[in-house]
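Observations on the three-dimensional arrangement
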Amino acid sequence: MGSFGTPLARCRSYQMIQRPNETSIFVSSPSIVVSYSTPCSISVPAMLGVWRAAAARGWRTFGLSAGTVARQATRSASTHPTHLVSAADLAAELEQPAPPRIIDATWFLPNSGFAQPDGQPRDGVFRTARIPTAAFWDADADSDPTFSAAPHNLPLPRPFAARMAELGVTAAGPVVVYDQHGIFSSPRLWYTLRAYGHSTVRVLDGGLPGWIAAGLALDTAPLRSSPASPSAEATGKAVQGEAGRDHEVLAAGGWVFNPSMQWSKAQMLDNLEPTGERVQVVDARSAGRFRGTEPESREGMRGGHMPHALSVPFAVLLATTNGVTTLRSRAELRSIFDDAGVDLTRPVVTSCGSGMTACVLSLGLLEAGARDVSVYDGSWIEWGGCSDTPIVAAGADGGVVAVP
């Protein structure tokens, strides 16, 4: 039986909350304990239901799993700064005179374990329950509309600066990003802010499920909608002209764009035949898609991978315990990358299906000790959809074959 928090046998009292088609949840007083009869993943709506039931009874907290505590303790003792923050540490920081700005960066991947709940808008859960003071960021709405190859990519400078001003985010101010999955889409905003010069942005390890599991307060006051993204008119003006003002507008928020963090298709092609040492390319897609043995989800997309690329499916970097998904320990991450042939001392460019989970790889790489990590924003949706890009796939003899 998987469990976290105080064992049931040591609880003064407990109650079982049955939910149709979901695992039974045991709740104790004065702390809340969740216990599963089988290994499973509990949904955020289910966790919110337990949180509300417990709050109504005046009970205080969920306990964190031993595995999560151990991973966080390992990071605290590490030799280089972490890009993560635990729920407990974030809660303490929110009580300080200059608390971090909190941003919910949830994005949903259709037809997957990260799919959007039926009938819910993208910010549906955010409107009903969120970490206190949090705002919402939409990866698709806040991206470059001129780059049609991928639906979410780095936004243009002026719309980015305008959006950050609306969210109350500056390059110098503390920022913590999270998502409703645990760790999945929040690294995309983490990467975006870093590309525009924010050096201390952190990801909430465990996201909203981890926050709920720690028994921390939620803001449940209903919202009509999350803060709006920059208008289409404003975005259009940024696209059409006044590019010379980009530096001025970014400087107002302390932003400085670092173009080396965003690789283009042209750079990726040049990297196949470099004049010097080839930059490592690490692919976050599943092993089957990388090998070309699983079909691509988009019609007309070729399967396989870029020549010389290395495969590290993003999911292997994550550990889920009692419904809370966190990044693995630094030792585990180093082992995973070493087994895949990744040299952490050399530059790396990450890629995936559309630029989302490449950022999970980037986060894992930096946590493992890498120093020079960029993202190929077009990723496979661009590379696999073009006719001028070389692709290889697994061959019958164990080698690779060119894909026409």
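What comes next is a walk through the structure.

Description of the environment of Asn-153
By the secondary structure assignment, Asn-153 is in the loop between β9 (135-136) and α5 (157-167). Taking the relative accessible area as the measure of exposure, Asn-153 reaches 4% and is therefore buried. For the pair Asn-153 and Gly-378, spaced 225 residues apart in the sequence, the C-alpha separation amounts to 7.7 Å. Not counting residues within four places of it along the chain, the set of residues in contact with Asn-153 comprises Asp-142, Ser-143, Asp-144, Phe-147, Arg-188 and Asp-377. Polar side-chain contacts of Asn-153 include one of 2.9 Å to the backbone nitrogen of Asp-144.

Things to note about helix α10 (residues 265-272)
For α10, the complete set of buried residues consists of Met-268, Asn-271 and Leu-272. Seen along its axis, α10 keeps its buried residues to an arc of 110°; they face one direction. Turning to α10, the residues buried within the fold contact β12 (262-263), β13 (280-283), β17 (348-351), β18 (373-376) and α14 (379-383).

Quick look at the nonpolar core
In this structure, Ile-103, Val-177, Leu-193, Trp-255 and Phe-337 are the most contacted members of the largest nonpolar core, which totals 55 residues. At the level of elements, α5, β10 (175-178), α6 (186-195), α9 (246-252), α12 (330-339), α13 (358-368) and β18 are the ones that each hand at least two residues to this core. It is α13 that contributes the most residues to this core, 8 residues altogether. Among all residues touching Val-177, those that are not within four sequence positions of it are Ile-103, Ser-186, Leu-189, Trp-190, Leu-193, Val-201, Arg-202, Val-203 and Leu-204. If you look at the next biggest cluster of nonpolar residues, it comprises 21 residues, including Ile-102, Ala-129, Phe-136 and Val-176.

A look at the state of the cysteines
Under the defined criterion, the tally for this structure stands at 0 disulfides. Between Cys-359, a cysteine without a disulfide, and Cys-352, which holds the nearest cysteine sulfur, the sulfur-to-sulfur distance is 6.9 Å. Exposure remark for Cys-359: the relative accessible area of 0% places this residue in the buried category.

Quick word on the environment of Ala-315
Looking at the element boundaries, Ala-315 is found in the loop between β14 (310-311) and β15 (318-321). Measuring from C-alpha to C-alpha, the distance between Ala-315 and Phe-184 comes to 9.1 Å, with 131 residues separating the pair along the chain.

Brief notes about the sheet that holds β12
Read across the sheet, 5 strands follow the order β12-β18-β17-β13-β14 without closing on themselves; strand pairing throughout is parallel. Whereas interior strands pair on both sides, the edge strands pair on one side only; in this sheet they are β12 and β14. By the bridge criterion, 3 bridges tie β17 to β18 in an arrangement that is parallel. Across the sheet, Thr-350 pairs through a bridge with Val-375, a residue of β18.

Structural notes on the packing of aromatic side chains
One pass over the full model with this rule turns up 7 aromatic pairs. Taken together, a centroid distance of 5.9 Å and an interplanar angle of 45° make the contact between Phe-184 and Phe-314 tilted. Placement of Phe-184 in the loop between β10 and α6 and of Phe-314 in the loop between β14 and β15 is noted, with a sequence separation of 130 residues between them. As far as burial versus exposure is concerned, Phe-184 and Phe-314 are alike and both buried.

Parameters and conventions
- Residues numbered from 1 in each chain as written.
- Predicted model: local features only at pLDDT ≥ 70, side-chain atom pairs only at ≥ 80, totals over all residues.
- Heavy atoms only, no water.
- Helix = DSSP H or I, 4+ residues; strand = E, 2+ residues; numbered from the N terminus.
- Buried < 20%, exposed > 50% of the residue type's maximum accessible area, 1.4 Å probe, protein only.
- Contact = heavy atoms within 4.5 Å.
- Polar contact = N/O pair within 3.5 Å; in protein donor to acceptor, adjacent residues only side chain to side chain.
- Arc of directions from axis to C-beta.
- Core = buried A, V, L, I, M, F, W, Y, C linked by side-chain atoms within 4.5 Å.
- Disulfide = S-S within 2.5 Å.
- Pairing = 2+ DSSP bridges.
- Phe/Tyr/Trp six-rings, centres within 6.5 Å; stacked < 30°, edge-to-face > 60°.

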